[in-house]
Amino acid sequence: MLTEKYKSLTSILREMESVVVAFSGGVDSTFLLKAAVDALGADHVLAVTADSESYPSSELEEAKVLANQIGVRHQVIETSELAIPGYAENNKNRCYFCKSSLFDHLIPVMEEKGFQNVVYGVIADDMNEFRPGMQAAKEKGIRGPLLEANLFKQEIRELSREFNLPTWDKPSLACLSSRIAYGEYITKEKLTKVEKAEAFLKTFDIHQVRVRTHQDIARIEVEPKDMKEILDNHDSIVKALQGFGYKYITLDLIGYQSGSMNKVLS
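Residues numbered from 1 in each chain as written. Predicted model: local features only at pLDDT ≥ 70, side-chain atom pairs only at ≥ 80, totals over all residues. Heavy atoms only, no water.

(A) Main features of the nonpolar core. One finds Leu9, Phe31 and Val45 to be the most contacted residues of the largest nonpolar core, which totals 34 residues. Elements represented by at least two residues in this core include exactly α1 (2-16), β1 (19-22), α2 (27-40), β2 (45-51), α3 (57-70) and α7 (153-162). Among the elements that line this core, the one with the most residues is α2, at 9 residues. Setting aside residues no more than four positions away along its own chain, phenylalanine 31 makes contact with Tyr6, Leu9, Leu146, Leu151, Ile156, Leu159, Ser160, Phe163 and Leu165. Counting 23 residues, the second-largest nonpolar core is a separate cluster that includes Ile180, Leu191, Ile206 and Val209. (Core = buried A, V, L, I, M, F, W, Y, C linked by side-chain atoms within 4.5 Å. Buried < 20%, exposed > 50% of the residue type's maximum accessible area, 1.4 Å probe, protein only. Helix = DSSP H or I, 4+ residues; strand = E, 2+ residues; numbered from the N terminus. Contact = heavy atoms within 4.5 Å.)

Here you go:
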């Protein structure tokens, strides 16, 4: 079944002839980029990464390395979500504004370079989550080949491992703005605070971490197996995160949950 899905994916990509891939360096966009190169050849694929306030600098450097390993042209463009009207107010449609602006940047690149399509890494799992960015993609004619091939995250990880992609077991990636509670105004300072806090926690060899931000409160989400690591190092963690600007440091006993901020929307 997985082999058939991959065949379907390559068939979808070949039909597109040439693609600009919205490339974050995460599990899904890396696999999509690799599949596009295999299906179309490197000359017919361009990876484009948007460097912005909500994109961790460490991820940008990793994206550059990954594109080089895959053997594809890679272009970095400068964007600013905070300059998008409606974005910083951080309502439930924040991701719509973000994706709409991203595609507005990618479409001119596609046209200038002579490519036929812009594609992004939406997957089948996303159909069961709140993803307003998908509406922006639909409105602007942006394709999601992984979704069209009905590929799920675990299947993409399995195929990535088979293709020796180093991202096969990479933690799920989401923009830094997703850490800030809806309704709380997003600023560059808050995004930097989140980035520093998560980078510090990862020094304890914690695989998956989110520092959800509720004003002055840091709500740390890690997988249950990593909670002991947090508690064993609570003194240094409290000191570091308070140094970054948080007043209260908490550990969420439910553990890491993708999109946990969306619970308030229901």
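(B) Focus on the sheet that holds strand β5 (residues 209-214). Spatial strand order, β5-β6-β7: 3 strands in an open sheet with mixed pairing. Each having just a single partner strand, β5 and β7 (248-251) make up the two edges of the open sheet. Across the sheet, the mean angle separating the axes of adjacent strands is 25° when strand polarity is ignored. Contacts between helix α8 (residues 188-202) and the sheet are confined to β5 and β6 (217-222), with β5 contributing the most and set at about 145° to the helix. (Pairing = 2+ DSSP bridges. Axes fitted to C-alpha atoms, helices over the stretch in contact; angles between N-to-C directions.)

(C) Up close: the packing of aromatic side chains. Tallied over the entire structure, the rule returns 6 aromatic pairs. Between tyrosine 96 and phenylalanine 97, the ring centres sit 5.9 Å apart and the planes meet at 75°, which makes this aromatic pair edge-to-face. Owing to a relative accessible area of 22%, tyrosine 96 belongs among the partly exposed residues under this scheme. A relative accessible area of 23% means that phenylalanine 97 is categorised as partly exposed. Of the aromatic side chains, those joined through ring pairs into one cluster are Tyr6, Phe31 and Phe163. Stacked on the ring of tryptophan 168, the Lys or Arg arginine 161 has its end atom at 4.3 Å from the ring centre. For lysine 193, the ring lying beneath its charged end belongs to tyrosine 246, and the centroid distance is 4.4 Å. (Phe/Tyr/Trp six-rings, centres within 6.5 Å; stacked < 30°, edge-to-face > 60°. Lys NZ or Arg CZ within 6 Å of the ring centre and 35° of its normal.)

(D) View of the environment of lysine 113. Within the fold, lysine 113 resides in helix α4 (residues 94-113). Given a relative accessible area of 42%, lysine 113 falls into the partly exposed group. Put simply, lysine 113 and aspartate 232 are 119 residues apart on the chain and 53 Å apart in space, counted from C-alpha to C-alpha.

(E) Broad picture of α8. The terminal C-alpha atoms of α8, which comprises 15 residues, lie 21 Å apart, in line with the 21 Å expected from a rise of 1.5 Å per residue. Taken as a whole, α8 has its buried residues at Lys190, Leu191, Lys193, Val194, Ala197, Glu198 and Leu201. Each buried residue of α8 sits inside an arc of 155° when the element is viewed along its axis, so together they form one side. Turning to α8, the residues buried within the fold contact β5, β6, α9 (227-232) and α10 (234-244). (Expected span 1.5 Å × (residues − 1). Arc of directions from axis to C-beta.)

(F) View of the side chain of glutamate 221. Here glutamate 221 shows up in strand β6. In this structure glutamate 221 comes out as buried when scored by relative accessible area, which is 0%. A distance of 3.2 Å separates a polar atom in the side chain of glutamate 221 from the backbone nitrogen of glutamine 257. Beyond its immediate chain neighbours, meaning those up to four positions away, glutamate 221 contacts Gln208, Val209, Arg210, Arg212, Asp252, Gly255, Tyr256, Gln257 and Ser260. (Polar contact = N/O pair within 3.5 Å; in protein donor to acceptor, adjacent residues only side chain to side chain.)

(G) Layout of the packing of α4 against helix α5 (residues 133-140). Running from N to C, α4 and α5 cross one another at 35°; their axes reach a closest spacing of 7 Å. In the crossing of α4 with α5, the sense of the turn from one axis to the other is right-handed. Only Gly133, Gln135, Ala136, Ala137, Glu139 and Lys140 of α5 make contact with α4, whose side of the interface consists of Cys95, Tyr96, Lys99, Ser100, Phe103, Asp104 and Ile107. When its residues are assigned to classes, the contact of α4 with α5 shows 6 nonpolar, 3 polar and 4 charged. (Left-handed = near helix turned anticlockwise from the far one by under 90°. Nonpolar A, V, L, I, M, F, W, Y, C, P; charged D, E, K, R; others polar.)

(H) Structural detail: a nonpolar patch on the surface. A grouping of Phe130, Val264 and Leu265 is seen on the molecular surface, where their side chains present a nonpolar patch of about 270 Å² in accessible area. Relative to the elements of secondary structure, leucine 265 occurs in the segment after β7. (Patch = residues over 30% accessible without salt bridge, like charges linked within 9 Å, V, L, I, M, F, W, Y side chains within 5 Å. Areas by Shrake-Rupley, 256 points an atom, 1.4 Å probe, with all protein chains shown as cover. Salt bridge = Lys/Arg side-chain N within 4 Å of Asp/Glu carboxyl O.)

(I) Summary view of the state of the cysteines. Following the criterion strictly, the structure yields 0 disulfides and no others. In this structure cysteine 175 is not part of a disulfide, and its nearest cysteine sulfur, from cysteine 95, lies 5.8 Å away. (Disulfide = S-S within 2.5 Å.)

(J) Inspection of the sheet that holds strand β3 (residues 73-78) at higher detail. Read from one edge of the open sheet, 4 strands run β3-β2-β1-β4, paired in parallel fashion. Looking at strand neighbours, the two that pair on one side only are β3 and β4 (117-119), the edges of this open sheet. On average, each strand axis in the sheet is tilted by 25° relative to the strand beside it, whichever way the strands run. Bridge count for β2 against β3 is 6 bridges, and the pairing is parallel. Pairing of valine 48 across the sheet is with glutamine 75, part of β3. On top of the sheet, α2 reaches β1, β2 and β4; it is set at about 165° to β1, its chief contact.

Fair warning: the whole summary comes from geometry, so function is off the table for now.
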